[in-house]
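Given next are the chains, with one letter for each unit.
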Amino acid sequence: MSSPIERSYNEAKELYAKHGIDVDQALRKLEKVKISIHCWQGDDVRGFLNREQELTGGISVTGNYPGAARTPDELRADLEKALSLIPGKHKVNLHAIYADTDERVELDALEPRHYAKWVEWAKEQGLGLDFNPTCFSHEKSADGFTLSHPDPAIRQFWIGHCKASRKIGAYFGEQLGQTCVTNVWIPDGFKDTPFDRLAPRKRLKEALDEVFAEELNPAHNLDAVESKLFGLGAEAYTVGSHEFYMGYGLQHNKLICLDAGHFHPTEVISNKLSALSLFAEGILLHVSRPVRWDSDHVVTLDDELLDIGRELVRGDLLAKTHIGLDFFDASINRVAAWVIGTRNTIKALLRAMLEPSAALRQAELEGDYTTRLALSEEMKTYPFGAVWDYYCERQGVPVREGWLGEVKVYEQEVLLKRGG
Ligand code: RNT
Ligand code: ZN
């Protein structure tokens, strides 16, 4: 006897098969895609080192929903809850300030041992880990500059921190047998129009050369660089702009990180993937949702997310793309935020894997744009949901909104018992 979910799945499978789409094969492919889930949604980017520092760097979290994690154990418990509601095997993305240690350690003195408990946990859970130096929320970044700081001593401090971070990344990769992506993002920029746009960029370029001077085993660690258009308090000029890091990354074989919220409001990252894929060593995505600005809203299954999925699948770019999430919303349950954003990202990939690609490619080549449009539109109401439900069931996670009840129970039993 088959369950209603299996029956709907089998019907859906037949409909897709008429277009030559092998749904079972799509699910096998989907199963292999890892999403890097950002730990910082769990505690509003506070971290555990320097907790007295306010969040700076031109990013901001709004909302005061109760239950933010206050300790590494709480954060891991919350992540475990979220991961139990998300189909597939994934990675967790840590920022340096999430070190699990009782020591008072400066950012440039961090060592792998300060993350040993994360590694132990990741091993237990069968997770990969990614990493980021934290070049913000610190007294040495208070004036808005880090790797491009005009003061050589401060610059050196941040260079030291980024070097230490790469070693931690390599340790993750070596310990877990999965490459760690260590992503460098810095907030450096000016609130108002600079006189000299070039000098800070020269300093950043030289600082990065120092940061990356040591060769690390690419099976353990891959470096990424993340650009940005503007930040809060850095509206006029950002040192690490898109052109800067595209140039740097291409010249030095670094992964180029595209954050969905780091471009002009009508500019989308989906349209950049094909071009970049022809030249870049690899791509890191920060899947996010800008609402009017780089607001880092939880990602929804909107047109841009679907387009990102389509570009990755149509261009067969999954192998050279690392998909990370980057949003932080403190106005809703934080575990739910992870679940919603991650499930949506996986859904977008699945949707893309269920396209009649051969027919659409052929129609386009033949100039039959009528068929291209007609078929694309009709496919939108194909029973994708039945395939998604089956995938969730088979992966042992709640089907449809079934996960929400579990989050509500967790909220009552765990999150609401936490103090502020
Ligand atoms: C900031 C960047 C960066 C951060 C995280 C916390 O605009 O997007 O990736 O969000 O590193
Ligand atoms: Zn980002």
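Residues numbered from 1 in each chain as written. Chains lettered and ligands numbered in written order. Predicted model: local features only at pLDDT ≥ 70, side-chain atom pairs only at ≥ 80, totals over all residues. Heavy atoms only, no water.

## Structural notes on a nonpolar patch on the surface
Right, so step 1: Judged by side-chain polarity, Leu-250, Leu-278 and Phe-279 come together as a nonpolar surface patch covering roughly 350 Å² of accessible area.
Right, so step 2: One can find Leu-250 in helix 7 (residues 242–252).
Right, so step 3: What makes Leu-250 partly exposed here is its relative accessible area of 33%. (Patch = residues over 30% accessible without salt bridge, like charges linked within 9 Å, V, L, I, M, F, W, Y side chains within 5 Å. Areas by Shrake-Rupley, 256 points an atom, 1.4 Å probe, with all protein chains shown as cover. Salt bridge = Lys/Arg side-chain N within 4 Å of Asp/Glu carboxyl O. Helix = DSSP H or I, 4+ residues; strand = E, 2+ residues; numbered from the N terminus. Buried < 20%, exposed > 50% of the residue type's maximum accessible area, 1.4 Å probe, protein only.)

## Considerations on the site of ligand 1
Right, so step 1: Contacts to ligand 1 come from Trp-40, Ile-59, His-95, Trp-185, Glu-226, Lys-228, Asp-259, His-262, His-286, Asp-294, Asp-326 and Phe-328.
Right, so step 2: Contact distances for ligand 1 include 2.8 Å between an oxygen atom and a side-chain N or O atom of Glu-226.
Right, so step 3: In the model, an oxygen atom of ligand 1 is placed 3.2 Å from a nitrogen or oxygen of the His-286 side chain.
Right, so step 4: Considering only residue class, the shell around ligand 1 consists of four nonpolar, three polar and five charged. (Near = heavy atom within 4 Å. Polar contact = N/O pair within 3.5 Å; in protein donor to acceptor, adjacent residues only side chain to side chain. Nonpolar A, V, L, I, M, F, W, Y, C, P; charged D, E, K, R; others polar.)

## Details of the packing of helix 9 (residues 303–314) against helix 10 (residues 334–353)
In helix packing, the relevant descriptors are the interaxial angle and the interaxial distance, both defined with respect to the helix axes.
Right, so step 1: Running from N to C, helix 9 and helix 10 cross one another at 50 degrees; their axes reach a closest spacing of 8 Å. Here helix 10 runs oblique to helix 9, going by the angle between their axes. Note that helix 9 runs across helix 10; the crossing there is right-handed. Every residue of helix 10 that contacts helix 9 at Leu-305, Leu-306, Gly-309, Arg-310, Leu-312 and Val-313 is listed here: Asn-344, Thr-345, Ala-348, Leu-349, Arg-351, Ala-352 and Met-353.
Right, so step 2: A breakdown of the residues in the contact of helix 9 with helix 10 according to their chemical character gives eight nonpolar, three polar and two charged. (Axes fitted to C-alpha atoms, helices over the stretch in contact; angles between N-to-C directions. Parallel < 35°, antiparallel > 145°, perpendicular 65-115°, else oblique. Left-handed = near helix turned anticlockwise from the far one by under 90°. Contact = heavy atoms within 4.5 Å.)

Taken by themselves, the reported measurements are silent on function.
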